[in-house]
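# A structural walkthrough
Letter by letter, the chains look like this.
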Amino acid sequence: MWRCLQDGQKYMKEWPMRKELTPVFPENRVIKTTRFAMKVMPAVAAISVLLQMATYNYQGMPQAMIVALFALSLPLQGLWWLGKRRDTPLPPALAGWYRELHQKITSQGHAMQPLKSQPRYKELAQALSRAFKVDRAALERWF
């Protein structure tokens, strides 16, 4: 469980947040939502509990605690999804695209990790990040 959440954090850093990728991959939307939830939801949780305490309405405390726990779980859900997605094998069409992209970048003399026979989204994120940094023309064919 913890490893999956840590992988989600790594994937948030690895994935290139480019507008060209938004219509193709859900990662951009999930990452933006998770980052927003990480900033806002702890405050929502605290406010829901503190509001009940400030009004001396302790009968509503169980509902406030449930709201707080739900608010705190939202960023964890995003990180969990990203962690699972990071280790998911690419479908055949994306795996072929990953291989073409990897071959094009390495043929231009740029260093990349060795080509994976069963690439995952993690490797695709690394290849896309590298391609956006060194060779934008390699991506123009698809975007």
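Scope of this entry: the structure provided in the associated data block. (Residues numbered from 1 in each chain as written. Predicted model: local features only at pLDDT ≥ 70, side-chain atom pairs only at ≥ 80, totals over all residues. Heavy atoms only, no water.)

## Comments concerning the nonpolar core
Keep this limit in mind: In this description, a nonpolar core means a group of buried Ala, Val, Leu, Ile, Met, Phe, Trp, Tyr and Cys residues linked to one another through side-chain atoms lying within 4.5 Å. The cut-offs for exposure are 20% and 50% of the maximum accessible area for each residue type, with area from a 1.4 Å probe on protein chains only; residues under the lower value are buried, those over the upper are exposed, and the others partly exposed. Numbered from the N terminus, helices here are DSSP runs of H or I no shorter than four residues, and strands are runs of E no shorter than two.
W15, F25, L90, Y121, L124 and L128 are the most contacted members of the largest nonpolar core, which totals 23 residues. For this core, the secondary-structure elements that each account for two or more residues are α1 (2–14), α3 (61–86), α4 (92–107) and α5 (121–134). Sorting elements by how many residues they give to this core places α5 first, with 7 residues. Counting 8 residues, the second largest nonpolar core, distinct from the first, contains M41, V49, A68 and A71.

## Focus on the packing of aromatic side chains
The description of an aromatic ring pair rests on the distance of the ring centres and on the angle between the ring planes. Put simply, the rule reads: We call Phe, Tyr and Trp rings a pair once their centres come within 6.5 Å, taking the six-membered ring for Trp, and we label the pair stacked below 30 degrees between planes, edge-to-face above 60, and tilted otherwise.
What the rule picks out here adds up to 3 aromatic pairs. Seen from their ring centres, Y11 and W15 are 5.8 Å apart, and the 55 degrees between their planes marks the pair as tilted. Each member of the pair Y11 and W15 is classed as buried. Seen in terms of ring centroids, F25 and W97 are 6.3 Å apart; in terms of plane orientation they differ by 15 degrees. Their pairing is stacked.

## Quick word on the pattern of salt bridges
Oppositely charged side chains can form a pair if their charged atoms are brought close together. This is how the line gets drawn: What counts as a salt bridge is simple: a side-chain nitrogen of Lys or Arg found within 4 Å of a carboxyl oxygen of Asp or Glu.
By the definition in use, this model includes 7 salt bridges. Here D7 makes a salt bridge to R3, at a shortest N to O gap of 3.7 Å. Here R3 and D7 lie together in helix α1, a separation of 4 residues that amounts to about one turn. Given a relative accessible area of 3%, D7 falls into the buried group. The shortest N-O distance in the salt bridge between D87 and R120 comes to 3.6 Å. Here D87, found in the loop between α3 and α4, pairs with R120, found in the loop between α4 and α5; they are 33 residues apart in sequence, far enough to count as distant. D87 gets classed as partly exposed once you look at its relative accessible area, which sits at 29%. The partly exposed category is assigned to R120, whose relative accessible area is 25%. By sharing partners, the salt bridges in this structure join R3, D7, E14 and R86 into a single network.

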